[in-house]
Amino acid sequence: MTVAALVVPDLSIPIPALPDGPIKLGSDEHKALFCKTLLTTFDPYRPAVIDWPKLTPDTQEKITGLPIWDIAVQTEGKAGLRVATYGDLIKDPLLKRATELNAYEERRHKHVLHHMVQAYGIKLEPEPEYVVPKDAEWAFMVTGYSECIDSFFAFGLFDIAKKSGFFPPELVDTFEPVMREEGRHILFFVNWVAWHRRNMPLWRRPWFALKIAAVWAFLVWERIGIAGDLDGGGKNQDNNFTVNGAKELGVEITIPQLMDTCLAENDRRLGIYDKRLLRPMFVPRMVRFARKFMRA
């Protein structure tokens, strides 16, 4: 695995004072709020100094055998490049700085995985070439909505792995900052979508709505194994780990129980942030709707 050097972005940028009351979506106050939330909750941990816990042979075999590490590395590699590419186009200083931090954290996730695979001897396939996207906005949106899907299920699976003992407590503590960052990223993204749409000309808004629908169609297409290599390589079967990963963890859990866990963890992790911020709603709503037709 190859990893580029990390440079922490300069976070010293003035943030306008925010009112205590309601904030209008698309306003300067809305932009300041979702950017401030990302910037002021930054965790300056360094992947190179993470003390990876020693695992028992059985636990290490189970963890290294999970079919997720290749796709995880490739996903973070693409995400860092895509977010950074879109950030280069942003003119607004505050939004640009927050997007740069988002890109830095995505790249840092890859560094975390780099040190983990070295620590535990995980064998990875050769990485594909990461190509700068031609349509930076499309690539940023694919990354953002993909994280909205994956984080929802990852929150639940992480909780299941923790409570079942599949992940030892020391490893849970090591990955907890990464999980927190995923929550911050999707919160930032969905608020950017709302702000961005309300600040574009009226004639562009229908096209932007179609673009959002096309992104969702692509992500569904990808996750049912049809998209192939259209999104830059990777093993298709692994794209669905966050949806059906409970069986990979060796945990006996029903689909309704998995849904309930994911919903509870999603609410818990995102519930700590300012109530005036939007939350990702599409996946939780779809899961809650499906859950109504299932027995406990």
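Quantities reported herein were computed from a predicted structural model and do not represent experimental measurements. (Residues numbered from 1 in each chain as written. Predicted model: local features only at pLDDT ≥ 70, side-chain atom pairs only at ≥ 80, totals over all residues. Heavy atoms only, no water.)

With that out of the way, let us pick up the pattern of salt bridges. It is possible for side chains bearing opposite charge to pair when their charged atoms get close. In total, this model carries 18 salt bridges according to the counting rule given. Glu-181 serves as the salt-bridge partner of Arg-108, at 2.2 Å between the closest nitrogen and oxygen. Of this pair, Arg-108 sits in helix H4 (residues 93-120) while Glu-181 sits in helix H6 (residues 169-198), placing them 73 residues apart in sequence. Assigned by exposure class, Arg-108 and Glu-181 land together as buried. When salt bridges with common partners are traced through the structure, they connect Asp-43, Glu-176, Arg-180, Glu-265, Arg-268 and Arg-269 into a single cluster. (Salt bridge = Lys/Arg side-chain N within 4 Å of Asp/Glu carboxyl O. Helix = DSSP H or I, 4+ residues; strand = E, 2+ residues; numbered from the N terminus. Buried < 20%, exposed > 50% of the residue type's maximum accessible area, 1.4 Å probe, protein only.)

Turning our eyes to something else, we now look at the state of the cysteines. Enumeration according to the criterion identifies zero disulfides in this entry. Of all cysteine sulfurs, the one in Cys-262 lies closest to Cys-148, which takes part in no disulfide; the gap is 14 Å. Given a relative accessible area of 6%, Cys-148 falls into the buried group. (Disulfide = S-S within 2.5 Å.)

Our next topic: a nonpolar patch on the surface. On the surface, Val-220, Trp-221 and Ile-224 cluster together into a nonpolar patch covering about 300 Å² of accessible area. Topologically, Trp-221 is positioned in helix H7 (residues 205-223). (Patch = residues over 30% accessible without salt bridge, like charges linked within 9 Å, V, L, I, M, F, W, Y side chains within 5 Å. Areas by Shrake-Rupley, 256 points an atom, 1.4 Å probe, with all protein chains shown as cover.)

Caution applies to low-pLDDT regions: their predicted coordinates should not be interpreted in detail. Confidence along the protein averages 89 in pLDDT terms, with 91% of residues attaining 70 or more. Here residues 226-238 scores under 50 on pLDDT; set against residues more than four positions off or in separate chains, the count is 24 contacts. (pLDDT = per-residue confidence, 0-100. Contact = heavy atoms within 4.5 Å.)

If you walk through the whole model with that rule in mind, you get 18 aromatic pairs. With centroids separated by 5.4 Å and ring planes inclined at 80°, the aromatic side chains of Tyr-86 and Trp-192 adopt a geometry described as edge-to-face. One end of the pair, Tyr-86, is in helix H3 (residues 69-87); the other, Trp-192, is in helix H6, with 106 residues separating them in the sequence. As far as the burial class goes, Tyr-86 and Trp-192 line up, both buried. Grouping aromatic residues by their ring pairs yields a cluster made of Tyr-86, Phe-140, Tyr-145, Phe-189, Trp-192, Phe-208, Trp-216 and Phe-282. (Phe/Tyr/Trp six-rings, centres within 6.5 Å; stacked < 30°, edge-to-face > 60°.)

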